[in-house]
Each structure stands twice: as C-alpha cells, then as structure tokens.
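Below are the chains, spelled out letter by letter.
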Amino acid sequence: MDSSLPLHAVSLKSKPKRPCPSPDPTRTPHPNADSDQLDALLESLLELPDPSAISLDLSIDRIIESRPCDFDKNDVIERALRLGSALTEAARRSARRRASMHNAVVWALPSDLTIKVFSLLDTQSICHAAATCSLFNKCAADPLCYSDIDLTTVVPKVNNMVVSTMIQRAGKVLRSLKLGVVPCPVASLGSSQALVYSMRNSSDTSGFSWNDKKSRQGKESFILTRSCLAPLIADGGAPGALLRRLHLYNIERMDNTAFGAALSACPSLLDLEIVGLHVELRQTLESVCRSCPLIERLFFESSTTGRDDSLKIPTCNELVNNCPYLSSLALRGFKLHDIKVRVLVKGLRKLKYVDFSSSYAITGDFLRNLGGSVGGSLLEVLILRDCMHLREGEVSRLLSAVLAGRFRNLRHLDVSNRDGLASDDDWYLRRYTPSFMSFGELLEERTNLCVVADFPAQGRFVEEPMLSSDVDIDMNSPSLTNSHSSDEFMFNSSGESSYSDQSSGNEDFPSSSNQIHGESSDEVDDLF
C-alpha cells in the first residue's frame, strides 16, 4: 500500500495540463452587434424612396404567399402589424423628445421665472400646461404653482384623490383652497345671488347621474366626501398651517366633526366661505372661535334657509371675544334674532361688511342706536335683503339715522324684499310701496350712498307670523345685563301679533322642531 502511493502521485503529476485557449486577434467582439445590425436595417429601410400603397400591398402579399402553411402566413401578418406599431410609437416618442428639447432651447424664460408665471395661473391651466412638454411638466411640479388651489366646478368633477394630490404638491406653501360645486359665478359685492346647489334639483348636470354619487368598490366617484379636507391635517398639520383662504361650496357629505378637525389645522386662516354644507351654525362658529383667531372674513350661507336656529348668545359673545379682527360677516339664510345680531354688530368693532340676507327672524330692531360710539360706526355695506320679518318702521328709522349723520361710512344699503316689508301693525300686512321710498333728500345729503330697495308691485305674504315663543333668548346672559335700556329691545305692535326681544323662551333648550338633522350617507369616510 505504501509503495503504490508514490506511483499514483507521480502519475498525476506527469499528466499534461490542458492548454488555455488564446483569443483570436482577428476577431474583435462587438457588444452592440445586434443594435448595429438593427440600426443598419432601419437606416436602409428609411433610405428607400417612399413606396406607394400598392407596392407595399404587393410586397406583403408575395411574402405571405411564399410561406408554406397558414400558420406561417398569419405569423407574418401579426409580425408586420407589431413592427409597424412599434415603429410608429418610437417615431412619436422621438418627436416628443425633440419638441421638448426645442422648447427648452427656444423658451425665453428661465425655470424660476416660468414657475413664477405658472403660480399666477389657475389650477386647471397649470394642469393643461404640465401636459404640453417635459419642460413645462417639470416647472409645473414646483409647490409654488399650487399655493392657490381652485378646484371648484359647475358640476361634480373632482374627488378626494384629486384634492389630496394637489394639497400634497403644495405642501407647506398652500395659501388658498377652494373646493366644491359652484352653480354660478361667485356673487359680487352687494349681490343676493344664492350659491346653494343641490345635485338632485340641478337641471344642468351634463349627463351626470345621481346614482354615480354612490361610490362603488373599484370605481372612483366624482364626489367629495367628509374626508376631502383630511390632507390638511397630514404631516402634523403642515399643509394647513399657513392656509389663508378656505372656500367650500355644496359639499353635501361634510359634517361638523370633519369640518371642525380641518379648521383645527388652519390657525392662520383669514378668509372662510361656507356655502351649502350640512354643518350647524353654532358648532361652526365655535370651531372658528377655537381655531381661527386671526380671521377677517366669514361668509356662511345655510343649506336649509330659515331652519337653523342653533346660534346662542354665548356663542356670539365667544366670537366677539376670540375673533376681534373680523371685518366682514355674512350669515345668510339662518334664523337670527335681533338680540343676537346686536351682540355681533355691536361687539365686533372692526365690522365693515354685514349681510344677513334671508334671515327669517330679523325685524330691524337691532339697528337702533347703532352707528355711533356703541358700535357699527365703521359699517360700509349693510345687506338685509329678503328678511321676511323686516319692518317698514325700522327701515324708516335707519334711513332717518343716516340722514341725521350716523353711519357716515355707509356706502351700500340693501333692504329689498320679494314679499315686501312687514307692517308695524300687522304681520300679514305687507308694504310693497313703503313710505320712505322718496330718497331725494337722503341722496342729496349722502351722494356716495347706494340704496337698493326693490319690492314687487303687488303680492301676498303667506308666511306664518313670528310669535314671541320663536325667540329663544336667555335674558340672564351676562352680556346683556345693564347693556341696553328696555326701549331698545321691546317693540309692541297694535296688531294681532307682536314681537319682543325679551321673550320668555329658554335658549338653552330649543324646540325640537327647530333642530337640524344631518343627512345620512351611504359612505362615511374616516377623517384620520
């Protein structure tokens, strides 16, 4: 055994090694040989003179007929179709790239100025510009282009995903956000045009079906839900931290909880406009008081005209104390009483614009003794249009006060009413030609004042009279103690009905018939 081992080892050592193949110096491998062949083939094909359609048809037919079986013939046809489609798409992509390079060369503005120009456009125009070329697409992706987001439409075309994408693009530079359905252009100064929109009652829906509002699994719906403002709270509330303007129109699935949570992320809000949302007035104002101390403009139009009687005097006092910079206040379509309106107008010392159009309960009594040191001296616009219980006598006293020198800053007054003014003696007796309709002396004295007093030629008032039990006021509120003399709240009529600001109703326990019930939704999205 021991002698055999050396022999075996010797035999292994004596075995010759396999020689390593040496590279052929005449052959130089090309890594892109296939690409070069394809380039050469395409180049030779493109250099051919443009053949006629008949020539191409004959050539294709000859190639197909040269194949022995039907399978091969069909394969030739399919390969020809794929090759033609691939060549077409490749040529189109090359054309787009060349167009983008051309735009980048010939576009006169640098990127920073282009972004500045895009930031001045509306949201839809920015999206259109981003789809034109890669240069514009890159510039349009800058957050500054989305600092003012306007996604309002005439019919529903925007869903939560679109809103979330836009807010994420804006990030911390978001300053303005407008969402919802606006059936007409936003009303101008002094306009009484209603902005409340109902999808079910709309005649101009452009083929939109009400059934499309219900979201289905796997299908996006063009409808905004209660969670459409949730992106404002993302990233610790960074997107909403510097938001200055928030306008919401006819988002029917919005509720108080979701809206209040969104406002809590907007401490810098200056301009809030709410139209047609199913949110309660009292809870909305409380959310504004807690979260928006810098607010300067508040426009709130009810979705249920004359039914929301939720506002309480403590809420009015809270708004006065927590929002001292409020200069424009519009509460349209709510059941407001004079005593609550007086607290607001008297307490908000910077008020210049006031609009209580379509208020069911206002009689005009709150105007007494305003316009001087007690409040209302800075008023420039006062709109009491279509206030069903506005009295002729109170309007006459207001005009006399203006003629006497009060309300010196007033430049627009609207007391128009489609049902005429209420008589001082009888709620059912309407005044279609009030005694103050001669404005000659007033307009001579105040040449800069515009008075709008449109009344129908004739008509019949069909509303139920407002009884004293409708006025739910807690006279024990500290804000009213020793604030006014009794003749400032009390007005007794000699007719069958009377109105008194000092009613015996309890404001803390309103009648159940006046409560606002939110609409149920098939789809309730979680805000967080």
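Numbers given to residues run from 1 along each chain, matching the order in which its sequence is written. Since the coordinates come from a predicted model, pLDDT governs what is reported: local features require at least 70, and pairs of side-chain atoms require 80 or more to be given and counted, while whole-chain, interface and lining totals use all residues. Side-chain figures throughout are based on the complete set of non-hydrogen atoms in the structure, without hydrogens or water.

J.: So what's going on with the overall build of the protein chain? Residues and values would help.
T.: Elements are defined by DSSP. Helices are runs of H or I of four residues or more, strands are runs of E of two residues or more, and each kind is numbered from the N terminus. For the protein chain, the helix and strand inventory stands at 16 helices and 14 strands. Excluding contacts between residues fewer than 6 apart, the proportion of contacts in the protein chain whose partners are at least 24 apart in sequence is 80%. Put simply, the protein chain shows about 29100 Å² of open surface, and 53% of that area lies on carbon and sulfur atoms. Here, residues are in contact when the closest pair of their heavy atoms is within 4.5 Å. Only the protein chains shown count as cover for residues, and the accessible areas themselves come from Shrake-Rupley with a 1.4 Å probe.

J.: Got a sec to walk through the side chain of Glu286? Specific residues and values, please.
T.: With respect to the secondary-structure elements, Glu286 resides in helix 11 (residues 281-291). The contacts of Glu286, once residues within four sequence positions are left out, are Thr315 and Glu318.

J.: Explain the side chain of Ser357 to me, and be specific about the residues and the numbers.
T.: Position of Ser357 relative to the elements: it lies in the loop between strand 7 (353-355) and strand 8 (381-383). With residues near it in sequence (within four places) discarded, Ser357 still touches Leu331, Arg332, Gly333, Ile383, Arg385 and Cys387.

J.: Help me get a handle on the sheet that holds strand 6 (residues 328-332), residues and values and all.
T.: In a beta sheet, neighbouring strands are held together by backbone hydrogen bonds and run either parallel or antiparallel to one another. What makes two strands pair is DSSP finding at least two bridges between them. Strand order in this open sheet of 10 strands is 1-2-3-4-5-6-7-8-9-12, and the pairing throughout is parallel. Edge strands, defined here as strands with exactly one partner in the open sheet, are strand 1 (148-153) and strand 12 (450-452). Direction aside, the axes of adjacent strands within the sheet are offset by 5° on average. In the sheet, strand 9 (residues 412-414) pairs with strand 12 via 3 bridges, with the strands oriented parallel. Bridged to His412 within strand 12 is Cys450. Each of strand 4 (271-275), strand 5 (297-301) and strand 6 is contacted by helix 11, which is oriented at about 165° to strand 5, the strand it contacts most. For every element, the axis is a line fit to its C-alpha atoms; helices are fit only across the contacting stretch, and the angle between N-to-C directions ranges from 0 to 180 degrees.

J.: Which residues make up a negative patch on the surface, and what values go with them?
T.: On the surface, Asp34, Asp36, Asp39, Glu43 and Glu47 cluster together into a negatively charged patch. With respect to the helices and strands, Glu43 occurs in helix 2 (residues 33-47). Patches draw on residues past 30% relative accessible area with no salt bridge. Two like charges within 9 Å are joined, as are two nonpolar side chains (Val, Leu, Ile, Met, Phe, Trp, Tyr) within 5 Å. One side-chain nitrogen of Lys or Arg within 4 Å of one carboxyl oxygen of Asp or Glu is enough to make a salt bridge. Counted as positive: Lys and Arg. Counted as negative: Asp and Glu, with His and the chain ends omitted from the count. To locate a charge, the coordinates of NZ of Lys, CZ of Arg, CG of Asp or CD of Glu are taken.

J.: An account of the pattern of salt bridges is needed here, citing residue identities and associated values.
T.: With the rule as written, the count across this model stands at 17 salt bridges. Residues Asp355 and Arg332 are paired through a salt bridge, measuring 3.7 Å at the closest nitrogen-oxygen approach. Taken together, the residues span a long stretch of sequence, with Asp355 in strand 7 and Arg332 in strand 6 at a distance of 23 residues. Here the two residues Asp355 and Arg332 agree in accessibility, since each one is buried. Three or more residues joined by partner-sharing salt bridges are found here, namely Arg245, Asp271, Glu273 and Arg297. For every residue, the accessible area obtained with a 1.4 Å probe (protein chains only) is divided by the maximum for its type, and the residue is called buried under 20%, exposed over 50%, and partly exposed between those limits.

J.: If you had to explain a nonpolar patch on the surface to someone new, which residues and values would you point to?
T.: Taken together, the side chains of Leu45, Leu48, Leu83 and Leu87 make up a nonpolar region of the molecular surface, amounting to roughly 360 Å² of accessible area. Overall, the relative accessible area of 45% leaves Leu45 in the partly exposed class.

J.: Before we move on, could you go through the pairing of strand 4 and cite the residues and values that matter?
T.: By the criterion of burial, strand 4 is predominantly enclosed, with 5 of the 5 residues buried. Of the two faces of strand 4, both are covered, the one formed by Asp271, Glu273 and Val275 as well as the one formed by Leu272 and Ile274. Relative to strand 4, strand 3 (residues 245-249) runs parallel, the two being bridged by 5 bridges. Residue pairing for strand 4: Tyr249 is matched across the bridge by Val275. With 5 bridges joining them, strand 4 and strand 5 adopt parallel strand pairing. What sits directly across from Asp271, in strand 5, is Arg297. The handedness rule is simple: strands pointing away from the viewer, and a clockwise path from the first strand over the helix to the second, make the crossover right-handed. A crossover connection joins strand 4 to the parallel strand 5 through helix 11; in handedness this β-α-β unit is right-handed.

J.: Would you mind going over the nonpolar core in detail, with residue names and values included?
T.: In plain words, nonpolar cores are sets of buried Ala, Val, Leu, Ile, Met, Phe, Trp, Tyr and Cys residues tied together by side-chain atoms within 4.5 Å. Residues Leu179, Leu229, Leu272 and Phe356 are the most contacted members of the largest nonpolar core, which totals 93 residues. It is helix 14 (residues 392-403) that contributes the most residues to this core, 5 residues altogether. Look past the residues within four positions of Leu179 in its chain and what remains in contact with it is Leu151, Thr152, Val163, Leu224, Cys228, Leu229, His247, Leu248, Tyr249 and Ile251. In this structure, Tyr249, Ala330, Val381 and Ile383 belong to the second largest nonpolar core, which totals 8 residues.

J.: Hey, could you go over unusual backbone geometry for me, with residue numbers and the actual values?
T.: Even without being a glycine, Asn369 presents a positive backbone phi close to 65°. With relative accessibility at 41%, the residue Asn369 sits in the partly exposed group. The phi angle at Asp386 is positive, at roughly 55°, despite the residue not being glycine. Checked against the element boundaries, Asp386 lands in the loop between strand 8 and helix 14. With relative accessibility at 13%, the residue Asp386 sits in the buried group.

J.: Residue-level account of helix 5 (residues 111-119), with values.
T.: Looking only at helix 5, the buried set comprises Thr114, Ile115, Phe118 and Ser119. The buried residues of helix 5 occupy one face: seen down the axis, they fall within an arc of 140°. Facing away from the buried surface of helix 5 by more than 90 degrees, the exposed residues are Asp112 and Lys116. The directions from the helix axis to the C-beta atoms form the arc being described.

J.: Residues and numbers for the packing of helix 12 (residues 313-322) against helix 13 (residues 338-347), please.
T.: Running from amino to carboxyl end, helix 12 crosses helix 13 at an angle of 10°, the nearest separation of the two axes being 9 Å. One element, helix 12, and the other, helix 13, form an angle in the roughly parallel class. Touching Ile313, Cys316, Asn317, Leu319 and Val320 of helix 12 are Ile339, Lys340, Val343, Leu344 and Gly347, all from helix 13. Orientation is classified from the angle alone, with under 35 degrees giving roughly parallel, over 145 giving roughly antiparallel, 65 to 115 giving roughly perpendicular, and any other angle giving oblique.

J.: Which residues make up the packing of helix 11 against helix 12, and what values do they have?
T.: Packed helices, taken two at a time, are described by their axes: the angle between them and the distance between them. Between helix 11 and helix 12, whose axes approach to 9 Å, the crossing angle comes to 25°. Here helix 11 lies roughly parallel to helix 12, going by the angle between them. For the pair helix 11 and helix 12, the crossing hand works out as left-handed. Between helix 11 and helix 12, the residues in contact are Arg282, Leu285, Glu286 and Cys289 and Thr315, Glu318, Leu319 and Asn322, respectively. The residue classification treats Ala, Val, Leu, Ile, Met, Phe, Trp, Tyr, Cys and Pro as nonpolar and Asp, Glu, Lys and Arg as charged. All others, Gly included, are polar. For the contact of helix 11 with helix 12, the per-class residue count stands at 3 nonpolar, 2 polar and 3 charged. By the definition used in this description, the sense in which the near helix is turned from the far one sets the handedness, with an anticlockwise turn below a right angle giving left-handed and a clockwise turn giving right-handed.

J.: Let's hear about the environment of Lys335: which residues, and what values?
T.: Locating Lys335 in the fold gives a position in the loop between strand 6 and helix 13. Spatially, the C-alpha atom of Lys335 lies 5.0 Å from that of Gly306, the residues being 29 residues apart in sequence.

J.: Quick one: what's the story with the pairing of strand 1, residue by residue and with numbers?
T.: Look at any regular strand and the pattern is simple: side chains alternate between the two faces of the sheet. Judged by which residues are buried, strand 1 turns out to be one-sided: Ile149, Leu151 and Thr153 face inward and are buried, whereas Asp148, Asp150 and Thr152, on the alternate face, are not. Pairing analysis gives 6 bridges linking strand 1 to strand 2 (residues 176-181), with the strands arranged parallel. Considered in strand 2, the bridge of Ile149 is made with Leu177. After leaving strand 1, the chain enters helix 8 (residues 160-170) and then returns to the sheet as strand 2, a path that is right-handed.

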